[in-house]
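The residues making up each chain are set out below.
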Amino acid sequence: DWVSKGLDLLRPVYQAQLELIIASRYLVAYDSKLRAAVGGIVKSLPGYKQGALWGLYALEHDLVAYVFTKARSHAACKEVLKDFRGYLIVDGYDGFEPVAQREGVELVNCNNHARRAFVRAEGSDRKRAEEALVFYQELYKIEEEGRKMTPDQRRRLRQEKAVPVFDKFKEWLKLVNLA
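The rules we used
- Residues numbered from 1 in each chain as written.
- Predicted model: local features only at pLDDT ≥ 70, side-chain atom pairs only at ≥ 80, totals over all residues.
- Heavy atoms only, no water.
- Helix = DSSP H or I, 4+ residues; strand = E, 2+ residues; numbered from the N terminus.
- Rg over C-alpha atoms; globule rule 2.2 N^0.38 Å.
- Buried < 20%, exposed > 50% of the residue type's maximum accessible area, 1.4 Å probe, protein only.
- Contact = heavy atoms within 4.5 Å.
- Areas by Shrake-Rupley, 256 points an atom, 1.4 Å probe, with all protein chains shown as cover.
- Patch = residues over 30% accessible without salt bridge, like charges linked within 9 Å, V, L, I, M, F, W, Y side chains within 5 Å.
- Salt bridge = Lys/Arg side-chain N within 4 Å of Asp/Glu carboxyl O.
- Expected span 1.5 Å × (residues − 1).
- Bend = angle between axes of the 7 residues up to and from the residue.
- Axes fitted to C-alpha atoms, helices over the stretch in contact; angles between N-to-C directions.
- Parallel < 35°, antiparallel > 145°, perpendicular 65-115°, else oblique.
- Nonpolar A, V, L, I, M, F, W, Y, C, P; charged D, E, K, R; others polar.
- Phe/Tyr/Trp six-rings, centres within 6.5 Å; stacked < 30°, edge-to-face > 60°.

*Asks:* Please provide a residue-by-residue account of the overall build of the protein chain, values included.
*Replies:* Broken down by element type, the protein chain carries six helices and five strands. The order of α-helices and β-strands along the protein chain, N terminus first, is α-β-β-β-α-β-α-β-α-α-α. The globule rule puts the C-alpha radius of gyration for 179 residues at 16 Å, and the 20 Å found for the protein chain is more than 25% above it. Taking the principal axes of the C-alpha coordinates as reference, the protein chain spans close to 60 × 40 × 30 Å. Per-residue burial over the protein chain gives 29% buried out of 179 residues. Long-range contacts, defined as pairs at least 24 residues apart, comprise 44% of the intrachain contacts of the protein chain with a sequence gap of at least 6. When the accessible surface of the protein chain is summed, it comes to about 11900 Å², and 55% of that surface belongs to carbon and sulfur atoms.

So, in structure tokens, the structure goes:
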């Protein structure tokens, strides 16, 4: 009972924090599959279903909140982010794409997921994988340079320094027939 009453008291704080996060201009969103009880629990646990835990991080405020949904679906993703407008920084989950179709939302995909594919390729195509990873090393240096900057300063830094690296990377991808 104490935990339940404590959670009831904290609910307005959580809601206020979540609203501030959703109102931010730069939002990092991540989804994790989660098996959780969503119905009455009986001996055989038929109420356990695949849900999702959505991690939301507001860069400007350095705040995090988690939202649980009973499904990991495009509809659940759209519901969690229904009021968001700004830059949505995500991994490769395609459920974020319908959110980005709304006016005022710009999808920014996490390049770390693409990098992992080149790391895995080192075993089968070492030369091209290592060439690709050199581009990522350059990008990581730029990110390190911008670590203590504001989001707007980082955006300007990336436009100035990272965009040319990405342009060269794109040309290299075409040259080696990977684009």
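Still more to cover.
*Asks:* Talk me through a nonpolar patch on the surface; I want residue IDs and the actual numbers.
*Replies:* A contiguous nonpolar surface patch, about 410 Å² in accessible area, is contributed by Leu34, Leu53, Val64, Tyr66 and Phe68. When residues in the nonpolar patch are grouped by element, the largest group, three residues, is from strand E3 (residues 63–69). Mapped onto the fold, Val64 is located in strand E3. Note on Val64: relative accessible area 39%, which makes it partly exposed.

*Asks:* Break down helix H6 (residues 151–175) for me, with residues and values.
*Replies:* In this model, H6 (25 residues) spans 33 Å end to end at C-alpha, consistent with the 36 Å of a helix rising 1.5 Å per residue. In H6, a bend of some 40 degrees at Gln159 exceeds every other bend along the element. Turning to H6, its buried residues are Pro151, Arg154, Leu157, Ala162, Val165, Phe169, Trp172 and Leu173. Looking at the residues trailing H6, positive phi occurs at Asn177, about 60 degrees.

*Asks:* Tell me what's going on with the packing of helix H5 (residues 126–145) against H6, and back it up with residues and numbers.
*Replies:* Packed helices, taken two at a time, are described by the angle their axes make and the gap between the axes. Following both chains from N to C, one finds H5 and H6 inclined at 175 degrees, their axes separated by 10 Å at the closest point. The orientation of H5 with respect to H6, classified from their angle, is roughly antiparallel. Contacts between H5 and H6 involve Arg128, Glu131, Ala132, Phe135, Tyr136, Glu138, Leu139, Ile142, Glu143 and Glu145 from the former and Leu157, Arg158, Lys161, Ala162, Val165, Phe166, Lys168, Phe169 and Trp172 from the latter. Across the contact of H5 with H6, the residue classes break down as eleven nonpolar, no polar and eight charged.

*Asks:* Give a description of the packing of aromatic side chains that names residues and reports values.
*Replies:* For the coordinates displayed, the defined rule picks out ten aromatic pairs. Arranged with centres 5.2 Å apart and planes meeting at 10 degrees, the rings of Tyr26 and Tyr87 form a pair that is stacked. A residue pair is termed long-range when its members are at least 10 positions apart, and Tyr26 in strand E1 (residues 26–37) and Tyr87 in strand E4 (residues 86–90) qualify at 61 residues. On the basis of relative accessibility, which here comes to 8%, the residue Tyr26 falls in the buried class. Relative to Phe169, the ring of Phe135 lies with its centre 4.7 Å away and its plane at 25 degrees, an arrangement referred to as stacked. You can see Phe135 sitting in helix H5 and its partner Phe169 sitting in helix H6, a full 34 residues away along the chain. Of the two residues examined, Phe135 and Phe169, each falls in the buried class.

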